[in-house]
Amino acid sequence: MKKSITKLADGRELIYYDTDESAVRDTPDPRRLERTESRPELRRDEATGDWITIAAHRQTRTHRPPADQCPLCPARDGRTGEIPAADYEVVVFENRFPSLAGGAGRCEVVCFTPEHDAGFADLTEDRARLVLDAWTDRTRELSALPGVAQVYCFENRGADIGVTLAHPHGQIYAFPFTTPRTAKMTAAAAAHRATTGRNLFEDLLAGARAATERVVTAGEHWTAFVPYAARWPYEVHLYPHRRVPDLTCLTEAERAEFPGIYLDLLRRFDRLFGLPDPTPYVSAWHQAPVPDGAGTELALHLELFTVRRAPGKLKYLAGTESGMEAFINDVAPEAAARQLRESV
């Protein structure tokens, strides 16, 4: 992998990731662009202890532009955007409208492909591996920044999820705090260790592999399964068989197998409802907090779910979920796993 670092017109960092070691990435950004004024504020909810980010400047961010004005497409045919090159493989750059910035973290955008109408599931295994390598590199680099407590790589796909740019891309957040869901999982893992002497996530994986009716697909190094208490009608967790805290700790064998397993999983999701439009989803890497003595029990894994519960029907977060965080699932996890296994 070749990594080329440059700057956009307003000083934001842009990084090209290439499989071609001879690739030259020196095209300047021709725009006259001033940096967006972003002063996000962190406030603690005293009732729950959760951190809330106030980012009022994001109200003016780009919202679902037409394809010929997409800021994530390469600079071709007189079009200028966030990526100056006429072509690229994988690109990461600082978000122009960040939720976190300065001493309060960092937000980055990851472009998976120059093809506007493609999706992650359309990538080759080599390109998916390059994205994995980019996620890993950014996890390493962002974890080293002062004040960063957790690095979160994720993809929102589809208008039903609320995506404002149709071009296939994901994001990376470097949080200055441990997120609420991670804090809950860390506490649950500590309680499990105190009660059983074992690691919670190792037991979750072993339980899923033993209860084969919840396994969707598996390889030598990874298993994808529907969790026993899934929140979403179609939700799959993807675990490496060897417990590691984050992406930087995966072996070459684990990295080599991941693209095939993950692409197969995404394609199963796309075939699930038999609709002409791709399945909307959230794909989220859960990584341990930046090493500080806490979070060492939390195991790296990916959680993938769709907000669609049936053809043409969405799973809305109604009063119980939105108001009380008490999820009600309309599909039995075993049935969801069976449908995904049969989605070939």
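Heads up: the structure comes first, above all this text.
Residue numbers restart at each chain and count upward from 1, following the sequence in its written direction. With the structure being a predicted model, the display of local features is reserved for residues of pLDDT at least 70 and the display and counting of side-chain atom pairs for 80 or more, all residues being used for whole-chain, interface and lining totals. Here the side-chain values reflect all heavy atoms present in the structure, with hydrogen atoms and water set aside.

## So, the nonpolar core
Formed by 52 residues in total, the largest nonpolar core has its most connected members in F120, W135 and W285. When sequence neighbours within four positions are dropped, the list of residues in contact with W135 reads F112, F120, C153, I172, L247, F258, Y262 and W285. Throughout, nonpolar core names a set of buried Ala, Val, Leu, Ile, Met, Phe, Trp, Tyr and Cys residues whose side chains join them through atoms within 4.5 Å. Buried residues are those whose accessible area, probed at 1.4 Å on protein chains only, stays under 20% of the maximum for their type, while exposed residues exceed 50% and partly exposed ones sit between those limits. Core analysis: the next-biggest nonpolar cluster, separate from the first, contains 14 residues, L14, I83, V91 and L165 among them. Only heavy atoms matter for contacts: two residues are in contact if any of them lie within 4.5 Å across the pair.

## With respect to the packing of aromatic side chains
The way to describe two aromatic rings as a pair is by their centre distance and the angle between their planes. Working definition: a ring pair exists when centres of Phe, Tyr or Trp rings (six-membered ring for Trp) sit within 6.5 Å. Plane angles under 30 degrees give stacked, over 60 give edge-to-face, the rest tilted. Across all of its chains, the model carries 19 aromatic pairs by this definition. Centre to centre, the rings of F154 and Y173 are 5.4 Å apart; their planes meet at 75 degrees, and the pair counts as edge-to-face. Separated by 19 residues along the polypeptide, F154 in strand β7 (residues 150-157) and Y173 in strand β8 (residues 169-175) bring together distant segments of the chain. In this structure F154 comes out as buried when scored by relative accessible area, which is 8%. Classification of Y173 as buried rests on a relative accessible area of 12%. Helix and strand definitions follow DSSP, with helices as H or I runs of at least four residues and strands as E runs of at least two, each counted in order from the N terminus.

## Describing the pattern of salt bridges
A pairing counts as a salt bridge when a side-chain nitrogen of Lys or Arg comes within 4 Å of a carboxyl oxygen of Asp or Glu. For the coordinates displayed, the defined rule picks out 28 salt bridges. For R243, the salt bridge goes to E202, with nearest N and O atoms at 3.0 Å. Of this pair, R243 sits in the loop between β11 (234-240) and α4 (252-271) while E202 sits in helix α3 (residues 200-210), and the two are 41 residues apart along the sequence. Taking relative accessible area as the criterion, E202 reaches 40% and is therefore assigned partly exposed. Three or more residues joined by partner-sharing salt bridges are found here, namely K3, E13, R35, E94, R106, E108, D137, R138 and E141.

## Re the state of the cysteines
The rule for a disulfide is simple: a pair of cysteine sulfur atoms within 2.5 Å. Within the structure shown, the criterion is met by zero disulfides. This cysteine, C73, is not joined by any disulfide, and C70 carries the nearest cysteine sulfur, 3.8 Å off. Judged by its relative accessible area of 4%, C73 falls in the buried class. For the unlinked cysteine C249, the closest cysteine sulfur is that of C153, found at 14 Å.

## Comments concerning the sheet that holds strand β2 (residues 13-18)
Overall, antiparallel pairing links the 11 strands, which are arranged β1-β2-β5-β6-β8-β7-β12-β13-β11-β10-β9 in an open sheet. The open sheet has two free edges, formed respectively by β1 (2-7) and β9 (215-218), since each of these has just one partner strand. If you compare each strand with its neighbour and ignore which way they point, the axes differ by 20 degrees on average. Pairing of β9 with strand β10 (residues 222-225) involves three bridges; the strand directions are antiparallel. By the bridge assignment, A218 is partnered in β10 with T223. Those strands touched by helix α1 (residues 125-143) are β1, β2, β5 (90-94), β6 (106-111), β7, β8 and β12 (281-286), and its axis lies near 140 degrees from that of β2. One requirement defines pairing of two strands: DSSP has to find at least two bridges between them. Here, axes are lines fitted to C-alpha atoms. For helices the fit covers the stretch in contact, and angles between N-to-C directions go from 0 to 180 degrees.

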